[in-house]
Amino acid sequence: MVTIDLETEAGRREALRRMCSIRAFDSTAGELFADGEIPGFVHLYIGEEAVGVGACAALDEDDYISSTHRGHGHCIAKGLDPEGMMAELYGKREGYCNGKGGSMHIADVDSGMLGANGIVGAGPPLATGAALTAQVRGEQRVSLSFCGDGAVAQGQVHEAINLAATWDLPAIFLVENNQFGEGTPVEKQHNIENLSATAEAYGIPGITIDGMDVTAVYEAVSEARERARAGDGPTFIEADTYRFRGHFEGDPEPYRDEEDVSAWQARDPIETFAERLIERGELTEEEFEAIEEEAEREIEAAVENAREAPEPTPEEAYEDMFSQPVPEITDFARGDVRADGGDR
Ligand SMILES: Cc1ncc(C[n+]2csc(CCOP(=O)(O)OP(=O)(O)O)c2C)c(N)n1
Ligand SMILES: [Mg+2]
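Note that the coordinates shown come from a computational prediction; the quantities given were computed from them, not determined experimentally.

## Considerations on the coordination of the magnesium ion (ligand 2)
Moving on, step 1. With distances of 2.1 Å, the protein atoms coordinating the magnesium ion (ligand 2) are D149 (OD), N178 (OD1) and F180 (O).
Moving on, step 2. Each donor residue of the magnesium ion (ligand 2) lies on the same chain, and together they follow the pattern D-x28-N-x1-F. Pair noted here: D149 is in the loop between β2 (143-148) and α6 (155-166) and F180 is in strand β4 (residues 180-181), with a separation of 31 residues, a long-range link. Each member of the pair, D149 as well as F180, is classed as buried.

## Points about the sheet that holds strand β6 (residues 206-210)
Moving on, step 1. One open sheet holds the five strands; their spatial order is β1-β2-β3-β7-β6, and the pairing between them is parallel. Each having just a single partner strand, β1 (64-66) and β6 make up the two edges of the open sheet. Between one strand axis and the next, the sheet turns through 20° on average, direction left out of account.
Moving on, step 2. Summarising the sheet, strand β3 (residues 171-177) and strand β7 (residues 235-240) pair through six bridges and their orientation is parallel.

## Some remarks on unusual backbone geometry
Moving on, step 1. One non-glycine residue, N98, lies in positive phi territory at about 55°.
Moving on, step 2. Residue classification places N98 among the partly exposed residues on the basis of a relative accessible area of 27%.
Moving on, step 3. Its identity is not glycine, yet E253 carries a phi of approximately 50°, on the positive side.
Moving on, step 4. Considering the arrangement of structural elements, one finds E253 in the loop between β7 and α8 (258-265).

## Considerations on the site of ligand 1
Moving on, step 1. Close contacts around ligand 1 come from 15 residues, with H69, R70, G118, G150 and N178 the closest.
Moving on, step 2. Between G118 and ligand 1, the recorded distance is 2.8 Å, taken from a backbone N or O atom to a nitrogen atom.
Moving on, step 3. With respect to ligand 1, the backbone of V120 contributes an N or O atom lying 3.1 Å from a nitrogen atom.
Moving on, step 4. Across the complex, the protein chains shield 72% of the 580 Å² of accessible surface that ligand 1 would expose by itself.

## A look at the pairing of β2
Moving on, step 1. In terms of burial, β2 is largely enclosed, as five of its six residues are buried.
Moving on, step 2. Judged from the three bridges that link them, β1 and β2 form a sheet pairing that is parallel. Considered in β2, the bridge of Y64 is made with S143.
Moving on, step 3. The sheet contact formed by β2 and β3 spans six bridges and is parallel. The residue of β3 that forms the bridge with L144 is I172.
Moving on, step 4. With α6 bridging β2 and the parallel β3, this β-α-β connection has right-handed handedness.

## Regarding helix α10 (residues 285-308)
Moving on, step 1. Compared with the 34 Å implied by 1.5 Å per residue over 24 residues, the 35 Å span of α10 between its first and last C-alpha is a close match.
Moving on, step 2. Inspection of α10 places F288, I291, A295, I299, A302, V303 and A306 among the buried residues, and these make up the whole buried set.
Moving on, step 3. Those residues of α10 hidden inside the fold are in contact with α1 (9-34), α4 (82-89) and α9 (269-279).

## As for the packing of aromatic side chains
Moving on, step 1. Scanning all chains against the criterion turns up five aromatic pairs.
Moving on, step 2. Ring centres of F33 and F41 lie 6.2 Å apart, and the angle between their planes is 85°; this geometry places the pair in the edge-to-face category.
Moving on, step 3. Overall, the relative accessible area of 41% leaves F41 in the partly exposed class.
Moving on, step 4. Consider the rings of Y242 and W264, whose centres lie 5.0 Å apart with planes at 10°: the pair is stacked. One end of the pair, Y242, is in the loop between β7 and α8; the other, W264, is in helix α8, with 22 residues separating them in the sequence.
Moving on, step 5. Judged by its relative accessible area of 3%, Y242 is buried.

## Quick look at a nonpolar patch on the surface
Moving on, step 1. A cluster of nonpolar side chains, contributed by Y318, M321 and F322, occupies part of the molecular surface with about 300 Å² of accessible area.
Moving on, step 2. If you trace the backbone, F322 turns up in the loop between α10 and α11 (327-334).
Moving on, step 3. Its relative accessible area of 47% is what places F322 among the partly exposed residues.

## A look at the domain arrangement of the protein chain
Moving on, step 1. Under the domain assignment used here, the protein chain contains domain 1 (9-312) and domain 2 (316-344).
Moving on, step 2. A separation of 36 Å is found between the C-alpha centroids of domain 1 and domain 2.
Moving on, step 3. In this complex, domain 1 contributes four residues to the contact, which on the side of domain 2 involves four residues.
Moving on, step 4. Of the roughly 330 Å² buried between domain 1 and domain 2, counting both surfaces, carbon and sulfur atoms make up 36%.

## Focus: the nonpolar core
Moving on, step 1. Counting 71 residues, the largest nonpolar core has L16, M86, L144, L174 and V221 as the members making the most contacts within it.
Moving on, step 2. Ranked by residue count, the leading element in this core is α1, at 10 residues.
Moving on, step 3. The contact partners of M86, leaving out residues within four places of it in the chain, are F25, T28, L32, I299, A302, V303 and A306.
Moving on, step 4. Ranked by size, the runner-up nonpolar core spans 19 residues in total, among them I161, A165, Y202 and I204.

## What about the pattern of salt bridges?
Moving on, step 1. All told, the structure shown has 18 salt bridges when counted by the stated rule.
Moving on, step 2. E282 serves as the salt-bridge partner of R12, at 2.9 Å between the closest nitrogen and oxygen. In this pair, R12 sits in helix α1 while E282 sits in the loop between α9 and α10, placing the two residues 270 residues apart along the sequence.
Moving on, step 3. Judged by its relative accessible area of 10%, R12 is buried.
Moving on, step 4. When its relative accessible area of 11% is taken as the criterion, E282 is described as buried.
Moving on, step 5. One connected set of salt bridges, linked through shared partners, spans R12, R280 and E282.

Rules behind the numbers
- Residues numbered from 1 in each chain as written.
- Chains lettered and ligands numbered in written order.
- Predicted model: local features only at pLDDT ≥ 70, side-chain atom pairs only at ≥ 80, totals over all residues.
- Heavy atoms only, no water.
- Donors = N, O, S within 2.8 Å, 3.2 Å for Na, K, Ca; no water.
- Helix = DSSP H or I, 4+ residues; strand = E, 2+ residues; numbered from the N terminus.
- Buried < 20%, exposed > 50% of the residue type's maximum accessible area, 1.4 Å probe, protein only.
- Pairing = 2+ DSSP bridges.
- Axes fitted to C-alpha atoms, helices over the stretch in contact; angles between N-to-C directions.
- Near = heavy atom within 4 Å.
- Polar contact = N/O pair within 3.5 Å; in protein donor to acceptor, adjacent residues only side chain to side chain.
- Areas by Shrake-Rupley, 256 points an atom, 1.4 Å probe, with all protein chains shown as cover.
- Right-handed = clockwise from strand over helix to strand, strands pointing away.
- Expected span 1.5 Å × (residues − 1).
- Contact = heavy atoms within 4.5 Å.
- Phe/Tyr/Trp six-rings, centres within 6.5 Å; stacked < 30°, edge-to-face > 60°.
- Patch = residues over 30% accessible without salt bridge, like charges linked within 9 Å, V, L, I, M, F, W, Y side chains within 5 Å.
- Salt bridge = Lys/Arg side-chain N within 4 Å of Asp/Glu carboxyl O.
- Domains from an automatic or database assignment.
- Buried area = accessible area lost by both parts, 1.4 Å probe.
- Core = buried A, V, L, I, M, F, W, Y, C linked by side-chain atoms within 4.5 Å.

Following this line, the structure appears as C-alpha cells:
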C-alpha cells in the first residue's frame, strides 16, 4: 500500500500539505541559520519538494529511503516529525539522533529513513544494502535512494547500481537533478545530456521526468516500485528540478543568473500543484492559504520546543556511538580511565 494515494482527493491534499510543511521547515531553518541560532550547516530543499513528496507517497511505510546532505524534505516526506527534526538541528537530546547528527545526519530507521548523509554519493550503497537484506529475508520492502546530479559522478554510486541490477534487488535510484553540484552546472559535470542514460550501462530502465510535478514523480516511482516488488530489479529515475536557494545558506551564487532562477520559480512545485487542484474544484484559495499557515504554525511550534528542550550533558557525547558498547569508551566517559587508557 502506498503512503499517500495521489489518485484520491484526500491524498492529493495530503501531498500538498507535506510539500508546504517542507517549505515552512526549510524557510525557517534558513532564517535560524542566518541568525546564528543553529550550529553546523544547512542545505535547503526549497524548490525540490515535489521530488521527495511524490517519491515517498508512492512508497509503503515499511519501505526504506536513503538521503543526502539536502535531506530535510526527504525526512518530512517519509513521515518524520518536524519537532524531532528541529530539535536535532538545535543539537538537543530530543532530536532524532539525540542531537549528535544535526541537519546532515537525521536518521530514523523505524520510519524507514536510513539517514541523511554528509558524504556525497553515500546513500545509494545504503539502499542497495537494505534491498539485499529484503531479498535475503524474503521481505517485500523496497529501498529508494535519493542522490544529486553531482553524486552520479561518484564511484560508489555506480557500484551500488551495478550490484542492485546484477542481483535484481528491489531498489530505486532517484537522481535529483537540480542542475548544479555546488556551483558547477550539470552540463559541465557530465558528458551525457540525460543522466538517466546511465541506466543503459547496467541493463535497467532509466527515465527522465519532470521533478517539479509531484504527480509525475509519484507515477514514475509507483511503476519502479511495482517492478522492484515483482523481483525485476531496480529502476533509475532522473527527476529534473531546481534548488531555489544557494547550495548552502550564505552562498553568493556567482554561477547563475537571476533570470534562470525566476524562470524555474515560475514553475514552483507547490504553487503549480495547488493551482491544478483549484482548477479541478478540489481546493479553494482560502483552503490553500490555510494549509500554508498551518504548516508555518507547526514549524514555529517545533522551533519553540527545540529552544526550550534540554541540552545533552557532556557525558552523553560518548553514548550512541556504537551499537554494542565499547568498554574502554564507556569507562572513559564514566571518568574511570584517562584517554590514553591509564587509570585516573
Ligand atoms: C565525497 C564528497 N565529496 C565532496 C563533498 C562536498 N560537497 C558537498 S555537497 C556537494 C555537491 C553535491 O551536488 P549534488 O550531488 O548535485 O547535490 P545537491 O547539492 O545539488 O543537492 C559537494 C561536492 C562531499 N560532501 N562529499
Ligand atoms: Mg545537484
